[in-house]
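Chains, contacts and geometry: an overview
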Amino acid sequence: MSGEDAPAQQQNAEEQKQQQQQETKTPAESPKTESKPDPPPTSASTEAAAAAADTPAPAAEKAPEEDTFSYRALVLTGYGGYDKVKLQVKKGKPALKSGEVMVRVKMCGLNFADLMARQGLYDRLPSPPVTPGMECSGIIEAVGEDVTDRKVGDKVLVLNRSGLWQEVVVVATTHTFLMPEGMSFEEAAALPVNYITAYMMLFDFGHLRPNQSVLVHMAAGGVGIAATQLCKTVNDVTVFGTASASKHEVISQGGVTHPIDYRTRDYVEEIRKISPKGLDIVLDPLGGSDTHKGYNLLKPMGKLISYGAANMLAGQKKNLFAVAKTWYQQFSVHTLSLIQGNRSVCGFHLGYLDSESELIAQAMAVIMDLYKQGKIKPRIDSTYHLEQVGDAMRRMQERHNIGKIILTTEPMKEEEKKEEAKKDEEKKKDDKKKDDKKKDDKKKDEAKKEEKKEEKKKEETKKDDKKAEEKKEEVKKEEN
């Protein structure tokens, strides 16, 4: 309590003391609720006691820290374009429950599911506003009660259903994995989703063995590169990989035996030329007609594993349940041919395995061992700041990446922000020019259509006039 807050009687008493002190010019004891303008010299013990008296209780210290604690986070504010993911500041220190850890995030992974989530096509992400992100890497800052296998300072990679595109995250320890020596934060953020997905499809579902053949669609993407590397851990596996021609050199160096340009060639015909009997495993992230093509490419005892619907981003707006239902109905019609063909069809969705921590831990243990042995290594395509998430998403959606796209939580420098602002301004101008050109082209097309209509009307009028003249001639002949 300060002197201003004290009761009137206490203030009067203090005034009397001050008057006595001024008259006698002798030191007086300082009041506990007020500090003197010119305090007399005191001993170290007196200063310590005063400091202790003025020091608030631990609980009082904690409250301001929690109030001032803030961290940046990417938030999906609604479904739609790239601008729907916004960088915001969250306030308040996250509370730790038993068995949880707090991680200071360094890097985050971008996945195709994040693109679908932005458009409202991914069922596992809660409704907006929500922070996306299924994988990240960082350093443990705090541990909750009953946590014995993690400590402050541990470098970890994290796998979660959502909520990891932010500077600070709180997750269960079972969702964290210790980073091996020598692994970078970029590699750690690139590992969980892609490599667990590829590993479980190839080995748990596919039972990949030596001398088999595998089709990897989108072979230059995160899962594609992971699958190719994992195929090379088994002897004499032939890998067919689809990708645009500009990416063939990279994927060939990574282990793809037969790269195929899906834009200029029919991959089914190309595969049939090389492997007339078909394939043992088809990894299908596309859906739609490509699923049927993949199924027809299977050998007897072959397996098609569907794990995505990338064609949806360029086509119809349906959620994954609707796609799965349609797909199942189509195959149910051909149950007899499915049985007689001796082929199997599987579906894989890592987002629905988040409760199966033991299965994921087993797969991750094998993946970590392969990394330590140098048999697998994530390929980083590019790294973007959180402020540039729209550019990162655009790069993936337009399929320009070769490998993993990473988001870093390190804030952009002022110079970079200025450069980014210039780029944005230039892009807006370019987009405006494109839009204007489209409008002009549309106007020209409409004008041409109008001209054609007018010409057609004139032609029809001429025909009608000609017919009328012919009728007149016929009438004249009949009269004569």
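- The name given to the chain in an unreviewed UniProt entry is Enoyl reductase (ER) domain-containing protein, and the organism recorded there is Culter alburnus.
- In its Sequence similarities (unreviewed entry) section, the UniProt record describing the chain reads: "Belongs to the zinc-containing alcohol dehydrogenase family. Quinone oxidoreductase subfamily."

1. What about the side chain of Glu 135?
- Within the secondary structure, Glu 135 is located in strand 4 (residues 135-143).
- For Glu 135, a relative accessible area of 0% gives the class buried.
- Polar contacts involving the side chain of Glu 135 include one to the side chain of Lys 404, which spans 2.6 Å.
- When residues no more than four places from it in sequence are discounted, the contact partners of Glu 135 are Cys 108, Gly 109, Leu 110, Asn 111, Val 158, Leu 164, Ala 189, Ala 190, Leu 191, Pro 192, Val 193 and Lys 404.

2. A few points about helix 14 (residues 357-372)
- Across its 16 residues, helix 14 extends 22 Å between first and last C-alpha, which sits within 8% of the 22 Å expected from 1.5 Å per residue.
- Taken together, the buried positions of helix 14 are Ile 360, Ala 363, Met 364, Ile 367, Met 368, Leu 370 and Tyr 371. The buried residues of helix 14 occupy an angular sector of 155° when the element is viewed end-on, so they sit on one face. Exposed residues on helix 14 whose side chains face more than 90 degrees from its buried face are Glu 358, Gln 362 and Lys 372.
- Residues of helix 14 that are buried sit in contact with strand 5 (155-159), strand 7 (176-178), helix 5 (185-190), helix 6 (192-205) and helix 7 (222-231).
- The first or second residue beyond helix 14 is Gly 374, which carries a positive phi of 80°.

3. Points about the pattern of salt bridges
- One pass over the full model with this rule turns up 16 salt bridges.
- Arg 124 is the partner of Asp 354 in a salt bridge, and the nearest nitrogen-oxygen pair spans 3.4 Å. Here the residue Asp 354 occupies a position in the loop between strand 13 (344-347) and helix 14, and Arg 124 occupies one in the loop between helix 4 (112-118) and strand 4, the gap between them amounting to 230 residues.
- Its salt-bridge partner being Arg 150, residue Asp 149 comes within 3.8 Å of it at the nearest N-O pair.
- Judged by its relative accessible area of 13%, Arg 150 falls in the buried class.

4. Some points on the side chain of Arg 118
- Here Arg 118 shows up in helix 4.
- Buried within the structure, Arg 118 lacks any salt-bridge partner; Asp 83 is the closest side chain of opposite charge, at an N-O distance of 6.8 Å.
- Residues in contact with Arg 118, not counting those within four places in the same chain, are Leu 76, Gly 78, Tyr 79, Gly 80, Gly 81, Tyr 82, Val 85, Met 393 and Gln 397.

5. Quick word on the sheet that holds strand 12 (residues 298-306)
- Pairing within the open sheet is parallel, and its six strands lie in the order 10-9-8-11-12-13. Of all the strands in the sheet, the pair left with one neighbour each is strand 10 (258-260) and strand 13. Between one strand axis and the next, the sheet turns by 15° as a mean value, whatever way the strands run.
- As paired strands, strand 9 (residues 238-242) and strand 10 are joined by three bridges and run parallel to one another. Looking across to strand 10, one finds that Gly 241 is bridged to Pro 259.
- Lying on the sheet, helix 7 is in contact with strand 8 (213-216), strand 9 and strand 11 (279-284); it crosses strand 8 at an angle near 165°.

6. Section: a positive patch on the surface
- On the surface, Lys 442, Lys 444, Lys 448, Lys 449 and Lys 452 cluster together to form a positively charged patch.
- Inspection of the secondary structure puts Lys 448 in helix 16 (residues 414-479).

7. Things to note about a negative patch on the surface
- Together, Glu 451, Glu 455, Glu 459, Glu 460, Asp 464, Asp 465, Glu 469, Glu 470, Glu 473, Glu 474, Glu 478 and Glu 479 make up a region of like negative charge exposed at the surface.
- Of the residues examined, Glu 473 reaches a relative accessible area of 38% and is grouped as partly exposed.

8. A word on the packing of aromatic side chains
- Using the criterion set out here, one finds three aromatic pairs in the structure.
- Taken together, a centroid distance of 5.0 Å and an interplanar angle of 35° make the contact between Tyr 199 and Phe 203 tilted. Residue Tyr 199 and its partner Phe 203 are both found in helix 6; the two are separated by four residues, about one turn of the helix.
- Among the residues examined, Tyr 199 registers a relative accessible area of 15% and is labelled buried.
- Its end group placed over the ring of Tyr 352, Arg 124 keeps NZ or CZ at 4.0 Å from the ring centre.

9. Observations regarding the nonpolar core
- Of all hydrophobic cores here, the largest spans 92 residues; its most connected members are Leu 157, Val 214, Leu 283 and Leu 407.
- Every residue in contact with Leu 407, bar those within four places of it in the chain, is listed here: Leu 74, Lys 106, Met 107, Cys 108, Trp 165, Tyr 384, His 385, Leu 386, Val 389 and Ala 392.

10. Observations regarding the packing of helix 6 against helix 7
- At a closest axis distance of 8 Å, the pairing of helix 6 and helix 7 adopts a crossing angle of 50°. Looking at the two axes, helix 6 sits oblique to helix 7. Considering how the two elements wind past one another, helix 6 and helix 7 form a crossing that is right-handed. Within the contact between the two elements, helix 6 uses Asn 194, Tyr 195, Thr 197, Ala 198, Tyr 199, Met 201, Leu 202 and Phe 203 and helix 7 uses Gly 222, Val 223, Ala 226, Ala 227, Gln 229, Leu 230 and Cys 231.
- Of the residues assigned to the contact of helix 6 with helix 7, the class counts are eleven nonpolar, four polar and no charged.

11. A look at the environment of Met 102
- With respect to the helices and strands, Met 102 occurs in strand 3 (residues 100-109).
- Residue class for Met 102 comes out buried when judged on its relative accessible area of 2%.
- For Met 102 and Val 152, which are 50 residues apart along the polypeptide, the C-alpha to C-alpha distance reads 8.9 Å.
- Met 102 has contacts with Lys 93, Pro 94, Leu 96, Ile 139, Ile 140, Glu 141, Ala 142, Val 168, Val 169 and Val 170, leaving out every residue within four places of it along the chain.

What counts and how
Residues numbered from 1 in each chain as written. Predicted model: local features only at pLDDT ≥ 70, side-chain atom pairs only at ≥ 80, totals over all residues. Heavy atoms only, no water. UniProt positions renumbered as here; feature names shortened; annotations may be inferred. Helix = DSSP H or I, 4+ residues; strand = E, 2+ residues; numbered from the N terminus. Buried < 20%, exposed > 50% of the residue type's maximum accessible area, 1.4 Å probe, protein only. Polar contact = N/O pair within 3.5 Å; in protein donor to acceptor, adjacent residues only side chain to side chain. Contact = heavy atoms within 4.5 Å. Expected span 1.5 Å × (residues − 1). Arc of directions from axis to C-beta. Salt bridge = Lys/Arg side-chain N within 4 Å of Asp/Glu carboxyl O. Lys, Arg positive; Asp, Glu negative; His and termini not counted. Pairing = 2+ DSSP bridges. Axes fitted to C-alpha atoms, helices over the stretch in contact; angles between N-to-C directions. Patch = residues over 30% accessible without salt bridge, like charges linked within 9 Å, V, L, I, M, F, W, Y side chains within 5 Å. Areas by Shrake-Rupley, 256 points an atom, 1.4 Å probe, with all protein chains shown as cover. Charge placed at Lys NZ, Arg CZ, Asp CG, Glu CD. Phe/Tyr/Trp six-rings, centres within 6.5 Å; stacked < 30°, edge-to-face > 60°. Lys NZ or Arg CZ within 6 Å of the ring centre and 35° of its normal. Core = buried A, V, L, I, M, F, W, Y, C linked by side-chain atoms within 4.5 Å. Parallel < 35°, antiparallel > 145°, perpendicular 65-115°, else oblique. Left-handed = near helix turned anticlockwise from the far one by under 90°. Nonpolar A, V, L, I, M, F, W, Y, C, P; charged D, E, K, R; others polar.

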